[in-house]
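What follows is each chain in one-letter form.
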Amino acid sequence: MTLNSIKVEDSSGNTNDGTEASSSSSSSQPNGVHKVCLPPHRTTFQKLRHRLSEIFFPDDPLHKFKNQTALRKFVLGLQFFFPVFEWGPKYNLMLLRSDIIAGITIASLAIPQGISYAKLANLPPIIGLYSSFVPPLIYSVLGSSRHLAVGPVSIASLVMGTMLSQAVTYSKEPTLYLQLAFTSTLIAGCLQAAMGFFRLGFIIDFLSKATLLGFMAGAAVIVSLQQLKGLLGIVHFTNEMAIIPVLTSVFENRNEWMWQTVVMGGCFLIFLLSARQISARNPKLFWVSAAAPLVSVILSTVIVYLIKNETHVIPTIGHLPKGINPPSVNKLHFGGPYMALALRVGIITGILALTEGIAVGRTFAAMENYQVDGNKEMTAIGLMNIVGSCASCFVTTGSFSRSAVSYNAGGKSVVSNIIMAATVLITLLFLMPLFQYTPNVILAAIIITAVIGLIDYQGAFRLWKVDKLDCIACLSSFFGVLFISVPVGLLIAVGISVFKILLHVTRPNTNALGYISSTRSFQSLSRYTTAVRIPSFLIIAVEAPFYFANSTYLHERTLRWIREEEDRIKANQEPPIKCVIIDMTAVTAIDTSGIDTICELRRILEKRSLKLVLANPVGNVMEKLFNSNALEAFGLDGLYLTVSEAVDDISSSWKPEKGPAQPLTI
């Protein structure tokens, strides 16, 4: 059978026998029915190359290198791998002035946050300052975001501290704990850099926004409850991260509560939350929220210093060593019974850090109308953590709170990260003795204030309003974290995301279509009241690829559409169905199982004296149908360019009981 016999030609206008269409009019039949073209011929290698390019290089990152001289390509290569060479030559004193202000402002937030998040990860406070010094310098050379402020973040710190503390505690085995923390950071960095280099950013998309919303809210509640240890002055406290063990530990140790820490913690918590509200209501006063943590640290330290001779009951940070980051290469270990734990912690914290960092970078890039290369960002964050793991740092990424402060303070480039790192360096070299009397309770208050912002109840309400399944996923993740554990909650979040994907793939939408005369188009009968059925036709739209995973469902659902339509026709005494048209406009792909399903449907309907017609198959679907010889069984009038042409052409061929044939023109 030739291509032309079923109204098919290739994209150049050539029929199967090699003859060329002489004019545009020759590509349509006398009755106005157009031929359905095959896509341009490509070899298997060309198809594979195109597919891999769409998967790994959808943004065509090398388009700047086309038609350039060797020298220009070298310069572009430097700019591609080291964005500092792109923005550096354009930098000026006006930008520097803005970045100095922004850098000092975010440093006032980064210093107390760094100490607090290190405590959150059950690490020595000094590790938090180390992690706010080296990583920002690395990112300023490799990062492509102008506004991303990097450092420790609450979620990654929480997950690392929770997972490591379940097996090892810092108080009992400090050396082993540090080894696991630095090794996990190296693993996280290697994973992040590899994902960026091999352009595997689509993997983090399995963590949907809905599940992350629930995960972060649950983690925020658990973290806040954990800080009751510092706010109440409890010495013996549980290491578990679930709401029931935490609350049980709080009330079982009532005899350890100290009114001094409760009063101080409550006052500073009210101060921090009030400052946050002031900045939220008036963005011009962003500096109030940014400066509040540092002001709290200074005031609480002065208060504790002044009353040190009166009372010694308020626990403090104690001595912190002066000096820059010591090397930690000797603390990286890749063997022993805890290697699996380090690997697990590194993978989970690495993915969480990537998700937050890229989301924050893209948010501010959209606000300033520039693009951020997600894969380059993953590479930059990964190398930042690799270097950091060798310089006594734990997992770092882009922080939303610090980036927001930098943006509101007028930061123009990543130089603000350099200024912040320089400020932290001065602190490490000269100001460490001042933190000796900083109370632990103030760190607990800072952590609570920071993580409360992760509870987005308004976002949960929007999910319920827009997508109930997304809201269920959010709540499942939230309660998984709250009542079981943080790692299990994360697994629930990923599992629900994957389940949602499988649900949409295996149970795609199908709709019966009707004709809307005012628009001359076919639309869903259940959606548009103005859509009318075409007598003797059942038109079904499939809104998903035809895959092995859904072919059985689509087979059964199509037969059910026919049965329901026949029941409706019988009840209303209308003309019987003669033709079933499947609108394949949204069928973006098909496999052999899908082709077999279509052929099986055609045979079943043929036995019931019903005609099956395919309308508007896309290029690759058309090619596979043709190569499988499935189209031969459909005959001359089994394939059409549009549903309208199919209805007109087929109805014109039907002979009425009386009078000449009258085509149904739409």
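No experiment lies behind these values; they were computed from the predicted model shown.

Further remarks concern the overall build of the chain. For the chain, the count of helices and strands is 25 helices and 10 strands. Dimensions of the chain, computed from the C-alpha atoms along their principal axes, are close to 110 × 65 × 55 Å. The buried share of the chain, reckoned over its 666 residues, is 50%. With the model as given, the accessible surface of the chain reaches about 32,100 Å², and the carbon-plus-sulfur share is 62%.

Glancing now at helix α9 (residues 209-226). Helix length check: α9 (18 residues) gives 25 Å between terminal C-alpha atoms against 26 Å at 1.5 Å per residue, within 8%. Burial analysis of α9 places 15 of its 18 residues in the buried class, the great majority of the element.

Turning our attention to the confidence of the model for the chain. In low-pLDDT segments, the atomic positions of the prediction should not be examined closely. Overall, the prediction assigns the chain a mean pLDDT of 83, with 91% of residues at 70 or greater. Contacts from residues 16-28, a stretch scored under 50 in pLDDT, to residues over four places away or in other chains number 15 contacts. Under a pLDDT of 50 for its full length, residues 657-663 has, in the predicted model, seven contacts with residues more than four places off or in other chains.

Ordered by their spatial adjacency, six strands build an open sheet running β6-β5-β7-β8-β9-β10, and the pairing between neighbours is mixed. Unpaired on one side and paired on the other, β6 (521-524) and β10 (639-640) mark the two borders of the sheet. For strand β5 (residues 510-516) and β6, the ladder comprises four bridges, and the chain directions are antiparallel. Residue pairing across strands places Tyr515 opposite Phe522, the latter belonging to β6.

Let us now look at the pattern of salt bridges. Applying the stated criterion to the full structure yields 10 salt bridges. For Arg560, the salt bridge identified is with Glu564, shortest N-O distance 2.7 Å. Placement of both Arg560 and Glu564 in helix α22 (residues 551-572) is noted, with a separation of four residues, approximately one turn of the helix. With relative accessibility at 38%, the residue Arg560 sits in the partly exposed group.

The next thing to look at is the packing of helix α6 (residues 134-142) against helix α15 (residues 374-389). Packing of α6 against α15 leaves a shortest axis separation of 9 Å and a crossing angle of 145°. Helix-helix and strand crossings are classified by hand; for α6 and α15 the assignment is right-handed. Contact residues: α6 offers Val134, Pro135, Ile138, Tyr139 and Leu142, while α15 offers Glu377, Ala380, Leu383, Met384 and Val387. Grouping the constituent residues of the contact of α6 with α15 by class yields nine nonpolar, no polar and one charged.

This next bit is on the packing of aromatic side chains. Counted by the stated rule, this structure contains nine aromatic pairs. Each ring, one from Phe251 and one from Trp257, has its centre 6.4 Å from the other, and the planes form 50°; the classification is tilted. A ring pair is formed by Phe478 and Phe479, whose centres lie 5.1 Å apart and whose planes are at 75°; its orientation type is edge-to-face. Take Phe479: its relative accessible area is 40%, and that puts it in the partly exposed class. Put simply, the rings of Phe478, Phe479 and Phe483 pair up and form one aromatic cluster.

Moving on, we get to helix α2 (residues 70-81). A rise of 1.5 Å per residue sets the reference length of α2, with its 12 residues, at 16 Å; its end C-alpha atoms lie 17 Å apart and thus fit the reference within 8%. Residues of α2 that are buried: Leu76, Gly77, Gln79 and Phe80. Along the axis of α2, the buried positions cluster into a sector of 165°, meaning they face one direction only. Looking at α2, the residues exposed on the side facing more than 90 degrees away from the buried face are Ala70, Leu71, Phe74 and Phe81. Tucked into the core, α2 has its buried residues touching α3 (84-87) and α15.

Rules behind the numbers
- Residues numbered from 1 in each chain as written.
- Predicted model: local features only at pLDDT ≥ 70, side-chain atom pairs only at ≥ 80, totals over all residues.
- Heavy atoms only, no water.
- Helix = DSSP H or I, 4+ residues; strand = E, 2+ residues; numbered from the N terminus.
- Buried < 20%, exposed > 50% of the residue type's maximum accessible area, 1.4 Å probe, protein only.
- Areas by Shrake-Rupley, 256 points an atom, 1.4 Å probe, with all protein chains shown as cover.
- Expected span 1.5 Å × (residues − 1).
- pLDDT = per-residue confidence, 0-100.
- Contact = heavy atoms within 4.5 Å.
- Pairing = 2+ DSSP bridges.
- Salt bridge = Lys/Arg side-chain N within 4 Å of Asp/Glu carboxyl O.
- Axes fitted to C-alpha atoms, helices over the stretch in contact; angles between N-to-C directions.
- Left-handed = near helix turned anticlockwise from the far one by under 90°.
- Nonpolar A, V, L, I, M, F, W, Y, C, P; charged D, E, K, R; others polar.
- Phe/Tyr/Trp six-rings, centres within 6.5 Å; stacked < 30°, edge-to-face > 60°.
- Arc of directions from axis to C-beta.

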